[in-house]
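Residues per chain, in single letters:
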Amino acid sequence: MQTMAAVQKERSIGSIQFLPVNLFAAVMGISGLSLAWRQASKLFGVPTIIADISGMVAVLLFIVLGIGYMTKWILYPQKVKAEFMHPVFGNFFGTIPIAILLLSSVLGSYSQQLGQVIWIIGTVLALAACFVFVSRLLNGNLEPVNKVPASLIPVVGTLDIPVAGGTIPFPWAHEINLLSLAIGGVIALVFFTLIISRLIHHAPMATGLTPSMIIMIAPFEVGFLGYTNFVHGIDAFAGMLFYFGLFLFLVLFFKVFKKSIPFGASWWGVSFPIAALSNAAIKYAMHVDSWLLIVISAIILALLSLVIIVLFIRTLKLLFNGSLLHG
C-alpha cells in the first residue's frame with residue numbers, strides 16, 4: 001500500500017528526473033530580495049524582518065533544490081549530462097555558484113566566518129563555471145541562435161564574487177576580486193555583443209525564453225555592485241553602469257512582461273537581474289541623496305517584492321498541479 005501511495009504521489013506531482021536546474025535562479029532572486037531589504041533598512045529605516053524572512057526562505061530553498069538535484073544526478077545522470085550539454089539550458093548551471101555567493105552575503109549578516117567559508121566555495125565554483133563555458137564557446141561551431149541572454153549567467157557569476165566578497169579580510173581576496181572583475185567585465189561585453197547581434201539579425205527567441213531577456217541588465221547592475229564594492233566608493237564610471245542598466249531594463253520591461261507569455265520555471269530568470277537593479281538603485285540613491293533616485297529605488301524594490309511573491313505562488317501551483325516536474 002505504501003509503494004502504491006508513493007507511485008501515485010509521483011504521478012500527481014511528477015518525477016525528480018524533470019527537476020530543472022534553472023530553479024536555482026529562484027534562490028538568487030530571493031537572496032537578492034533579502035539583500036535589497038537589508039539595504040532598504042539603511043535608506044528608509046524599515047525593520048529587517050523582511051530581509052530575515054526572505055533570507056531564511058532562500059537558504060531553505062537552496063537546501064531543498066540541492067538535495068533534489070543531487071538525487072536527480074545520482075538516479076538519472078544522463079538527464080543531468082544532457083541538461084549540462086544543452087547549448088541554452090546548460091547555461092543555467094551557472095545559477096548554482098551565484099546562488100552560493102549570494103547566500104554567503106545573506107548568512108554573513110549573522111556569522112562572518114560562515115559567510116566567508118561559503119564565499120570561498122562559491123568563488124571556486126563560479127570561476128570554474130566561467131572557465132568551462134568560455135572554453136565551450138571557443139570550441140567553435142556554435143549556432144548564433146543559441147547565443148541567448150542566459151549565456152551571460154556563468155559570466156555574471158564572476159562579477160558576483162566581489163559583490164559578495166568586497167569586504168572579505170583575507171589578504172589574497174583583493175586580487176581574487178580584481179581577477180573576477182577583469183574576467184567578468186571583459187567577457188560580459190563580448191557575450192553581450194553576441195547576444196545583441198543574435199536578437200537583431202535572427203528570428204525572435206522561443207516564447208519560453210523571452211523572460212530571460214531581462215538577464216541582459218545583469219552585467220551592468222552586478223558590475224556596478226562589484227566595482228563599487230572593490231573600490232569602496234561610487235564614481236562616474238559606476239554611475240554609467242547603473243544608468244545604462246536602468247535604461248535597458250525600461251526597454252526590456254515592455255517586451256517581457258506580457259500576458260501572452262505563458263508562465264514556467266524560466267520566469268525566475270527575471271528575478272535576480274531585478275534584484276541586482278534594486279540593490280544598485282538603493283546603493284546609488286544613498287550616495288547621491290536625491291529624492292528622485294530614492295523614489296526610483298523604492299519603486300524598483302516594490303516591483304521586485306511583487307515579482308518574487310507572484311513567481312513563488314505560481315511556481316507552487318505548477319508543482320502541486322503536476323506541471324513543474326513533468327517532461
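All values derive from a computational prediction rather than experimental measurement. (Residues numbered from 1 in each chain as written. Predicted model: local features only at pLDDT ≥ 70, side-chain atom pairs only at ≥ 80, totals over all residues. Heavy atoms only, no water.)

### Topic: the overall build of the protein chain
A tally of regular secondary structure across the protein chain gives twelve helices and zero strands. By the compact-globule yardstick of 20 Å for 327 residues, the protein chain fits well, its C-alpha radius of gyration being 19 Å. Expressed as lengths along the three principal axes of its C-alpha atoms, the size of the protein chain is roughly 65 × 45 × 45 Å. Of all intrachain contacts in the protein chain linking residues separated by at least 6 positions in sequence, the fraction that spans at least 24 positions is 80%. Charge-centre separation for the protein chain: the mean point of 16 positive side chains lies 14 Å from the mean point of 9 negative side chains. (Helix = DSSP H or I, 4+ residues; strand = E, 2+ residues; numbered from the N terminus. Rg over C-alpha atoms; globule rule 2.2 N^0.38 Å. Contact = heavy atoms within 4.5 Å. Lys, Arg positive; Asp, Glu negative; His and termini not counted. Charge placed at Lys NZ, Arg CZ, Asp CG, Glu CD.)

### With respect to the nonpolar core
Counting residues in hydrophobic clusters, the biggest one holds 99 residues, and the most contacted among them are Ile214, Phe224, Phe242, Trp268 and Val270. For this core, the leading source of residues is helix H2 (residues 24-43), giving eleven residues. Every residue in contact with Phe224, bar those within four places of it in the chain, is listed here: Ile234, Ala238, Leu241, Phe242, Ala280, Lys283 and Tyr284. If you look at the next biggest cluster of nonpolar residues, it comprises seven residues, including Ala126, Ile161, Ala164 and Ile168. (Core = buried A, V, L, I, M, F, W, Y, C linked by side-chain atoms within 4.5 Å. Buried < 20%, exposed > 50% of the residue type's maximum accessible area, 1.4 Å probe, protein only.)

### Brief notes about the packing of aromatic side chains
With the rule as written, the count across this model stands at 20 aromatic pairs. Through a chain of ring-to-ring contacts, the aromatic side chains of Phe24, Phe62, Tyr69, Phe84, Phe93 and Phe133 assemble into a single cluster. The lysine or arginine in question, Arg136, covers the ring of Phe84, its NZ or CZ lying 4.9 Å from the ring centre. Here the guanidinium or amino end of Lys147 rests over the ring plane of Phe191, the centre of that ring lying 4.4 Å away. (Phe/Tyr/Trp six-rings, centres within 6.5 Å; stacked < 30°, edge-to-face > 60°. Lys NZ or Arg CZ within 6 Å of the ring centre and 35° of its normal.)

### Some points on the packing of helix H6 (residues 112-137) against helix H8 (residues 173-201)
A packed helix pair is summarised by two numbers, namely the angle formed by the two axes and the spacing between the axes. Relative orientation of the contacting elements H6 and H8 amounts to 30°, with a least axis distance of 12 Å. Viewed along their axes, H6 and H8 form a crossing whose handedness is left-handed. Listed contacts from H8 to Trp119, Thr123, Leu127, Cys130, Val134 and Leu137 of H6 are Ala173, Ile176, Asn177, Ser180, Ile183, Ile187 and Phe191. Residues of the contact of H6 with H8, tallied by class, amount to ten nonpolar, three polar and no charged. (Axes fitted to C-alpha atoms, helices over the stretch in contact; angles between N-to-C directions. Left-handed = near helix turned anticlockwise from the far one by under 90°. Nonpolar A, V, L, I, M, F, W, Y, C, P; charged D, E, K, R; others polar.)

### Notes on the environment of Glu143
Locating Glu143 in the fold gives a position in the loop between H6 and helix H7 (153-165). Classification of Glu143 by relative accessible area gives partly exposed; the value is 47%.

### So, the pattern of salt bridges
When their charged atoms lie close together, side chains carrying opposite charge are able to pair. Enumeration over the complete set of coordinates arrives at two salt bridges. In this structure, the salt-bridge partner of Asp52 is Arg38, at a minimum N-O distance of 2.7 Å. Note that Asp52 is positioned in helix H3 (residues 49-75) and Arg38 in helix H2, a separation of 14 residues in sequence. One salt bridge in this structure joins Glu83 and Lys72, with 3.0 Å as the shortest N-O distance. Remark: Lys72 occurs in helix H3 and Glu83 occurs in helix H4 (residues 77-85); sequence separation between them is eleven residues. Looking at Glu83, the relative accessible area reads 15%, which means it is buried. Classification of Lys72 as buried rests on a relative accessible area of 3%. (Salt bridge = Lys/Arg side-chain N within 4 Å of Asp/Glu carboxyl O.)

### Let's talk about a nonpolar patch on the surface
There is a patch of nonpolar side chains on the surface, built from Ile49, Ile50, Ile53, Met56, Val57, Phe312, Leu316 and Phe320 and spanning about 710 Å² of accessible area. Put simply, the parts of the chain that give the nonpolar patch at least two residues each are H3 and helix H12 (291-320). The biggest single contributor to the nonpolar patch is H3, with five residues. You can see Ile50 is positioned in helix H3. (Patch = residues over 30% accessible without salt bridge, like charges linked within 9 Å, V, L, I, M, F, W, Y side chains within 5 Å. Areas by Shrake-Rupley, 256 points an atom, 1.4 Å probe, with all protein chains shown as cover.)

### Focus: the confidence of the model for the protein chain
A low pLDDT means the predicted coordinates there should not be read in detail. Put simply, the protein chain has an average pLDDT of 90, and 96% of its residues get 70 or more. Below pLDDT 50 for its whole length, residues 4-10 participates in two contacts with residues either more than four positions away or in separate chains. (pLDDT = per-residue confidence, 0-100.)

### Re the environment of Leu19
Mapped onto the elements, Leu19 comes out in the loop between helix H1 (2-13) and H2. Taking the relative accessible area as the measure of exposure, Leu19 reaches 8% and is therefore buried. For the pair Leu19 and Ala265, spaced 246 residues apart in the sequence, the C-alpha separation amounts to 9.9 Å. The residues contacting Leu19, other than those within four sequence positions of it, are Leu65, Gly68, Tyr69, Lys72, Glu83 and Leu325.

### Some details on unusual backbone geometry
Negative phi values dominate among residues other than glycine, just as trans dominates among peptide bonds. Unusually for a residue other than glycine, His232 sits at a positive phi of about 55°. Relative to the elements of secondary structure, His232 occurs in the loop between helix H9 (218-231) and helix H10 (236-256). The residue Asp289 is not glycine, and still its phi comes out positive at about 60°.

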